[in-house]
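# Breakdown of the fold
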Amino acid sequence: MFRFTSIKDYHTALNAAHTTCTQAVKYYLDQITEHANFNAYLEVFSKEALSYAADLDTERKQGKSIGKLHGVVIGIKDVLSYKGHTVSAASKILENYTAVYTATAIQKLVDEGAIIIGRQNCDEFAMGSSNENSAYGPVKNAIDITKVPGGSSGGSAVSVQAGLSMISIGSDTGGSVRQPADFCGVVGLKPSYGRISRYGLIAYASSFDQIGIFSKTIEDAALVLEVMAGEDEFDSTVSSKPVPAYSKLIERKEIENTTSPKKIAYFKETLFHPGLDAEIKTQIEYYLKDLTAKGYIVEAIDFSLLSYVVPTYYVLTTAEASSNLSRYDGIKFGHRTKESITDLNDLYKKTRTEGFGEEVQRRILLGSFVLSAGYFDAYFTKAQQVRQKLVDLTNSVFSKYDLILSPTVPTTAFGLGENNHSATEMFLADIYTVYANLVGIPAISIPLFTHSNGMPFGLQVMSASFNEVGLLSFSKEQMNNKI
Ligand code: GLN
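Residues numbered from 1 in each chain as written. Predicted model: local features only at pLDDT ≥ 70, side-chain atom pairs only at ≥ 80, totals over all residues. Heavy atoms only, no water.

The local shell around the ligand holds 15 residues, among which Ala-126, Thr-173, Gly-174, Ser-176 and Tyr-313 are the closest. Side-chain polar atom of Ser-176 to an oxygen atom of the ligand: 2.7 Å apart, as the coordinates give it. In the complex, 100% of the free accessible area of the ligand, which totals 290 Å², lies under the protein chains. Residue classes in the shell around the ligand are distributed as 5 nonpolar, 7 polar and 3 charged. (Near = heavy atom within 4 Å. Polar contact = N/O pair within 3.5 Å; in protein donor to acceptor, adjacent residues only side chain to side chain. Areas by Shrake-Rupley, 256 points an atom, 1.4 Å probe, with all protein chains shown as cover. Nonpolar A, V, L, I, M, F, W, Y, C, P; charged D, E, K, R; others polar.)

So this is what it looks like as structure tokens:
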């Protein structure tokens, strides 16, 4: 039977002719069918995945050099454009929309030999924390199907968790990669803002959105990041900084780590937040003490702005969303109402009422409100000011410390339907994750812990912008220590 542990081991097995890409694809197709009840995939690209796998097998047997992601089976969140394939943002409004080009990040994966196996379920337009906002039904957590997988990239997290793909590609605007990674017990990486091109990623809030990676290991996340990162003429917000060879550097860094202890900060307020589960608190505190015992300098710092991060995030992201989503008007994209209409406004209204789900509508309304003439200064400008304060705080923290640690989410995965009654409770699930998006720093959730309720939870590691090498090497060390 096919077994996946890491890309490196998979490549060793391929080169030794112990397995083939075709075998791998067949295995994942079977797994996806067998676990269809998780609802992780909206569509599986069976035929083309098998045919691409056969091509790769032939090339390899002919002795051609293999790409960095040769035969790596990857699922993509349904917000990433892949030419000729449906991309719906898990929304009815884009139900039959076919991508007319391929997202740069996805193209780079394919150019290195990755096999895209299908598109994954998520919250509609990536808005949500539980995957219950998909127009195509919720995704189930594979550890306990009565629980949510987190969101918005729930399908992508479950795909890696349950072994339905080797890697998944998601998007993270306020935690949508890290939070489901935490709930599902896998690695979830959100790189620095501007590290990976957003060209071809359906926009939610453009100054926050980043493409992210789900994997079982840090080494695999590093390799996939290395492939996807870098300049792109189609996205002017991508950094022109050269892309480090992450996968190689984290090997070397590990040696340095043993001789140079890192300075680590944690925000006091995150551990004393009333919403934080008592056992998560205890386990993280114990873990921080253990780091000190291992020679790290671990210090608590003040984060009096903590209670502002969620409101600031929701003011700014809904404002950006109301503008980004105005293009779905029934004229240019996707669904158009079949009802009789009186004028253009009526067409917009009926189309958008039918096409968008409740949460998306709520956010468009909230965003339009905070941008409206009478309230702009009170909400939007204020939130921008808080964002600037957070950036200043971040710069000062990273002038003294290498990393910031926190829980990823205040609770473990909650039950399906449990948080549905209150949007504010749901928003609280984002309290530790939105900060990294507000200031653009990279952040990762690593699956270090298990709660006595049987569910996994993660440690969130954050570093200064573009210090993914530091972030990944520390994370790798922590994962190794766990094993
Ligand atoms: N849960 C957050 C929200 O609902 C994060 C979403 C995301 O990162 N795409 O906005």
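Judged by nonpolar contacts, the single largest core of 146 residues is most densely connected at Ile-106, Leu-109, Phe-125, Met-166 and Ile-169. Looking at this core, the element that brings in the most residues is helix α11 (residues 306–324), giving 9 residues. Ranked by size, the runner-up nonpolar core spans 8 residues in total, among them Val-148, Phe-183, Val-409 and Met-455. (Core = buried A, V, L, I, M, F, W, Y, C linked by side-chain atoms within 4.5 Å. Buried < 20%, exposed > 50% of the residue type's maximum accessible area, 1.4 Å probe, protein only. Helix = DSSP H or I, 4+ residues; strand = E, 2+ residues; numbered from the N terminus.)

This part is about the sheet that holds strand β4 (residues 167–172). Sheet architecture is open: 11 strands sit in the order β1-β3-β2-β4-β6-β5-β10-β11-β9-β7-β8, paired in mixed fashion. Single-partner strands in this sheet number two, and they are β1 (41–44) and β8 (297–301). The mean angle between the axes of side-by-side strands here comes to 30°, regardless of whether they run parallel or antiparallel. Here strand β7 (residues 263–267) pairs with β8 via 5 bridges, running parallel. Residue pairing for β8: Phe-267 is matched across the bridge by Ile-301. Each of β1, β2 (73–77) and β3 (115–120) is contacted by helix α2 (residues 21–34), which is oriented at about 15° to β3, the strand it contacts most. (Pairing = 2+ DSSP bridges. Axes fitted to C-alpha atoms, helices over the stretch in contact; angles between N-to-C directions. Contact = heavy atoms within 4.5 Å.)

With that out of the way, let us pick up the packing of α11 against helix α13 (residues 358–371). Helix packing geometry: the angle between the two helix axes and the distance between the axes. One can describe the packing of α11 onto α13 by two numbers: an axis separation of 7 Å at closest approach and a directional angle of 100°. Classified by the angle between their axes, α11 and α13 sit roughly perpendicular to one another. Between α11, through Tyr-314, Val-315, Thr-318, Ala-319 and Ser-322, and α13, the contact on the second element is made entirely by Arg-363, Ile-364, Leu-366, Gly-367, Ser-368, Val-370 and Leu-371. Of the residues contributing to the contact of α11 with α13, the split by class is 7 nonpolar, 4 polar and 1 charged. (Parallel < 35°, antiparallel > 145°, perpendicular 65-115°, else oblique.)

The next point concerns helix α17 (residues 468–482). An ideal rise of 1.5 Å per residue puts 21 Å on 15 residues; α17 measures up with 21 Å between its terminal C-alpha atoms. Taken across its 15 residues, α17 has 12 buried, putting it largely inside the fold. Listing the buried residues of α17 in full gives Glu-468, Val-469, Gly-470, Leu-471, Leu-472, Ser-473, Phe-474, Ser-475, Lys-476, Glu-477, Gln-478 and Met-479. (Expected span 1.5 Å × (residues − 1).)

Relative to the helices and strands, Gly-330 resides in the loop between α11 and α12 (344–355). Overall, the relative accessible area of 2% leaves Gly-330 in the buried class. Residues Gly-330 and Leu-344, spaced 14 residues apart in sequence, show a C-alpha to C-alpha distance of 10.0 Å. Excluding its chain neighbours within four sequence positions, the residues that come into contact with Gly-330 are His-335, Arg-336 and Thr-351.

Enumeration over the complete set of coordinates arrives at 27 aromatic pairs. Pairing Phe-183 with Phe-414 gives two aromatic rings, centres 5.7 Å apart and planes at 90°, and the pair type is edge-to-face. Of this pair, Phe-183 sits in helix α6 (residues 178–184) while Phe-414 is found in the loop between β9 (403–407) and α15 (423–428), placing the two residues 231 residues apart along the sequence. Taken individually, Phe-183 and Phe-414 each receive the classification buried, so the pair is uniform in this respect. (Phe/Tyr/Trp six-rings, centres within 6.5 Å; stacked < 30°, edge-to-face > 60°.)

A cluster of nonpolar side chains, contributed by Leu-366, Phe-369, Tyr-375 and Tyr-379, occupies part of the molecular surface with about 350 Å² of accessible area. As for its placement among the helices and strands, Phe-369 is situated in helix α13. (Patch = residues over 30% accessible without salt bridge, like charges linked within 9 Å, V, L, I, M, F, W, Y side chains within 5 Å. Salt bridge = Lys/Arg side-chain N within 4 Å of Asp/Glu carboxyl O.)

Taken as a whole, this structure holds 16 salt bridges when the rule is applied. A salt bridge links Lys-476 to Glu-219, with the nearest nitrogen and oxygen atoms 4.0 Å apart. With Lys-476 in helix α17 and Glu-219 in helix α7 (residues 218–228), the pair connects residues that are 257 residues apart, well separated along the chain. One salt bridge in this structure joins Arg-363 and Glu-359, with 2.7 Å as the shortest N-O distance. Of the two residues, Arg-363 and Glu-359 both sit in helix α13, 4 residues apart, roughly one turn of that helix. Its relative accessible area of 4% is what places Arg-363 among the buried residues. Residues participating in the shared-partner salt-bridge network are Glu-43, Asp-78 and Arg-119.

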